[in-house]
Amino acid sequence: MILKQLIRYKNAPALEATWVDENDVVIKCQAYSNHPEQMAMLRADLGADAAQYESLIAEVEATYVPPAPPSIEEQIAVFDAALVAHLDATARERRYDNRVTCGLRAGYPGPFQAEGMAFAGWMDQCNALAYQLLAEVVAGTRPLPSSPQALIDLMPAMVWPS
């Protein structure tokens, strides 16, 4: 493969490389954004030719602005969604549609009331603990758990009545 051209897009922070064979037939045409991983791919694809284009590559690479990290509110929303999914999954273990239909059974006498009461109590414990932990995160007194699963792992186990 022969590098035919490396051009900079005028309307985007990107470069395009075109390689041809010995008959000038295009073999590969690849666009590379200004993201550092894309620029590393371009350098690898260029191989020995990369050095002569380094100033052009660096010029495009310098336009990269990393995305802002998610806000604490956005991060908490992810953890909250994970907790809701955990509660729903636990309710489905007993063939309830979700946490609401399971907890609702606590208020109605019948064969499912004991399960509903146990689940509603457990769900309240989970919510209280999660809200306390996340309030500590917002206050800066506790680090955010390393992942949504790490928050779920801090929750008490559900004990269903026999």
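A few points on the structure. (Residues numbered from 1 in each chain as written. Predicted model: local features only at pLDDT ≥ 70, side-chain atom pairs only at ≥ 80, totals over all residues. Heavy atoms only, no water.)

This part is about the pairing of strand β2 (residues 14-20). With 7 of 7 residues buried, β2 is to be regarded as a mostly interior element. In the sheet, strand β1 (residues 2-8) pairs with β2 via 6 bridges, with the strands oriented antiparallel. Pairing of I7 across the sheet is with E16, part of β2. Turn length for the β1-β2 hairpin, with the two strands adjacent in sequence and antiparallel, is 5 residues. Bridge count for β2 against strand β3 (residues 26-33) is 7 bridges, and the pairing is antiparallel. Note on β3: the bridge partner recorded for W19 is K28. (Buried < 20%, exposed > 50% of the residue type's maximum accessible area, 1.4 Å probe, protein only. Helix = DSSP H or I, 4+ residues; strand = E, 2+ residues; numbered from the N terminus. Pairing = 2+ DSSP bridges.)

Another aspect to go through is unusual backbone geometry. Unusually for a residue other than glycine, D24 sits at a positive phi of about 65°. Looking at the secondary structure, you find D24 in the loop between β2 and β3. Of the residues examined, D24 reaches a relative accessible area of 44% and is grouped as partly exposed. The backbone of R95 sits at a positive phi, close to 70°, despite the residue not being glycine. By the secondary structure assignment, R95 is in the loop between α3 (72-92) and α4 (99-104). Residue R95 is classed as exposed on the basis of its relative accessible area, which comes to 78%.

By themselves, these observations are geometric and do not establish any function.
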